[in-house]
Amino acid sequence: MGLSRVFHGFRTRSRGAGRGHAGPTAFVLSGGGVLGAVQVGQLQALIEAGIVPDMLVGTSVGALNAAAIAADPTTAGVATMRESWARLKSEDLFPGSRLHRAMQILRKGDHLYPNDGIRRLADMLPVRTFEQLAKPLTIVATSLHSGRDHYFTSGPIAPALLASTALPGIFPPVTVDGETLVDGGMSNNVPVSVAVASGAKRIYVLTCGGSKPMPRPIKGPLDVFTQAVAHTRLAQAQEDIARYADKAQIEMLPTFHPGNIRFNDPSHSVELMERAYELTHGFLHGTSTATDPVVSTVAQPATI
């Protein structure tokens, strides 16, 4: 899963050609690792407000959440997601001891953790194929050879989710139809471009953190990797929002900096879901009382 734990609270509405024109509504869900719980709170507020997507696009953990809501875009569907996230434990996704991980490195393996936990999450979906979903879904992965986006829109869902969440070095790469794929956040962590290309005229963007990379103590190689990727993803997202602001009405849902949560620690999920729900509910109803800074930006590139 993508590790974009680098956002701070914001509210952005990009005024573009899509504003005031009828057209499909899309939900775009970014990567964010264990911070994907934030998106569940955002989805709950959206669905309760009667905002249901015509299509969804998801990357990394956003692909898992998007698949769940595409299968059941109702309050009951969101409730099931909340229960799943609330029960999630570190060992469900990141099994094994430090010794085991060290042995993986010594054996020159290509990953630290198996993707069995992701597969179990995929198996919890009420459907098995894209064609059985209630709403159209695009899942984004990255070709390890070309570095380009790879899109899944049909066929079995599980391989697409395994590929989209295959964070390099953490989970194993996934080969589908002869192509080796890794985490979709490597090439397109906030895939607004995919929603625009699919004809969306109103796009709700669900991210998982604050608006700018927050310095973290460098305690190991993963901390260096995380910060470097965070800066790259932020720059790409800013460019995409600016590029497509005249193509669709882009609603950046507000979020907050969750603090320094370890990439393998889902124990904060309930708190993250509740904070995200309150902030998004206030945003949608114009009654936000959040203490996190929320900046309003109209017709300007979004700061994610």
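Please refer to the structure placed before this passage.
Below: a short report on this structure. (Residues numbered from 1 in each chain as written. Predicted model: local features only at pLDDT ≥ 70, side-chain atom pairs only at ≥ 80, totals over all residues. Heavy atoms only, no water.)

Comments concerning the overall build of the protein
A count of helices and strands for the protein gives 11 helices and 10 strands. Within the protein, counting contacts between residues at least 6 apart in sequence, those at least 24 apart form 80% of the total. Total accessible area on the protein stands at roughly 12700 Å², and carbon and sulfur atoms take up 54% of it. (Helix = DSSP H or I, 4+ residues; strand = E, 2+ residues; numbered from the N terminus. Contact = heavy atoms within 4.5 Å. Areas by Shrake-Rupley, 256 points an atom, 1.4 Å probe, with all protein chains shown as cover.)

Brief notes about the pattern of salt bridges
In total, this model carries three salt bridges according to the counting rule given. Arg 202 is paired through a salt bridge with Glu 251; the nearest N and O atoms lie 3.5 Å apart. Here Arg 202 is found in strand S8 (residues 202-206), whereas its partner Glu 251 is found in strand S9 (residues 249-252), with 49 residues between them in sequence. Accessibility expressed as a relative area gives 2% for Glu 251, which makes it buried. A salt bridge links Arg 243 to Asp 240; the nearest nitrogen and oxygen atoms lie 2.5 Å apart. Of this pair, Arg 243 and Asp 240 both sit in helix H10 (residues 221-244), three residues apart, which is roughly one turn of that helix. On the accessibility criterion, Arg 243 (44% relative accessible area) is partly exposed. (Salt bridge = Lys/Arg side-chain N within 4 Å of Asp/Glu carboxyl O. Buried < 20%, exposed > 50% of the residue type's maximum accessible area, 1.4 Å probe, protein only.)

Digging into the pairing of strand S4 (residues 137-143)
Summarising burial for S4: seven of the seven residues are buried, a large majority. Bridge analysis of strand S3 (residues 55-59) against S4 gives four bridges, and the strand direction is parallel. The partner of Leu 56 across the bridge, within S4, is Leu 137. Direction of pairing for S4 relative to strand S5 (residues 149-152): antiparallel, over a ladder of four bridges. Looking at S5, one finds that Ile 139 is bridged to Phe 152. Connecting the antiparallel pair S4 and S5 is a turn made up of five residues, with Gly 147 showing a positive phi of about 80 degrees. Relative to strand S7 (residues 179-182), S4 is paired through two bridges, and the arrangement is antiparallel. Pairing of Thr 142 across the sheet is with Val 182, part of S7. (Pairing = 2+ DSSP bridges.)

A closer look at the side chain of Ser 269
Among the secondary structure elements, Ser 269 is positioned in helix H11 (residues 269-285). Polar side-chain contacts of Ser 269 include one of 2.7 Å to the backbone oxygen of Pro 266. In this view, Ser 269 contacts Ala 37 and Trp 85; residues no more than four positions away in its chain are not counted. (Polar contact = N/O pair within 3.5 Å; in protein donor to acceptor, adjacent residues only side chain to side chain.)

Topic: the pairing of S8
Burial analysis of S8 places four of its five residues in the buried class, the great majority of the element. Inspection of the sheet shows S8 paired to S9 by four bridges, in the parallel sense. Its bridge partner being in S9, Ile 203 is matched across the sheet by Ile 250.

Quick look at the nonpolar core
Grouped together as the largest cluster of nonpolar side chains are 63 residues, with contacts concentrated most on Phe 27, Leu 137, Ile 139, Phe 152 and Leu 161. The greatest single-element share of this core, amounting to nine residues, is contributed by helix H2 (residues 61-71). Once residues lying within four places of it in the same chain are set aside, the contact partners of Phe 152 are Phe 130, Leu 137, Thr 138, Ile 139, Ala 141, Ala 160, Ala 163, Val 176 and Leu 181. Within the second largest apolar cluster, 19 residues are counted, among which are Ala 26, Val 28, Ala 200 and Ala 237. (Core = buried A, V, L, I, M, F, W, Y, C linked by side-chain atoms within 4.5 Å.)

Describing helix H3 (residues 75-87)
Because the α-helix completes a turn every 3.6 residues, residues three or four places apart line up on one side. The end-to-end C-alpha distance of H3, which contains 13 residues, comes to 19 Å, matching closely the 18 Å that a straight helix rising 1.5 Å per residue would cover. Turning to H3, its buried residues number three or more, namely Gly 77, Val 78, Met 81, Ser 84 and Trp 85. The buried residues of H3 occupy one face: seen down the axis, they fall within an arc of 120 degrees. Where H3 is buried, its residues meet helix H1 (37-48), H2 and H11. (Expected span 1.5 Å × (residues − 1). Arc of directions from axis to C-beta.)

Digging into unusual backbone geometry
Despite not being glycine, Ser 60 has its phi angle at roughly 55 degrees, a positive value. One can find Ser 60 in the loop between S3 and H2. Phi at Asp 177 takes a positive value of approximately 50 degrees, unusual for a residue other than glycine. By the element assignment, Asp 177 lies in the loop between strand S6 (174-176) and S7.

Points about H11
The end-to-end C-alpha distance of H11, which contains 17 residues, comes to 24 Å, matching closely the 24 Å that a straight helix rising 1.5 Å per residue would cover. Listed as buried for H11 are Ser 269, Leu 272, Met 273, Ala 276, Leu 279, Thr 280, Gly 282 and Phe 283. Looking one or two residues beyond H11, the residue adopting positive phi is Gly 286, at roughly 70 degrees.

None of this, on its own, says anything about what the molecule does.
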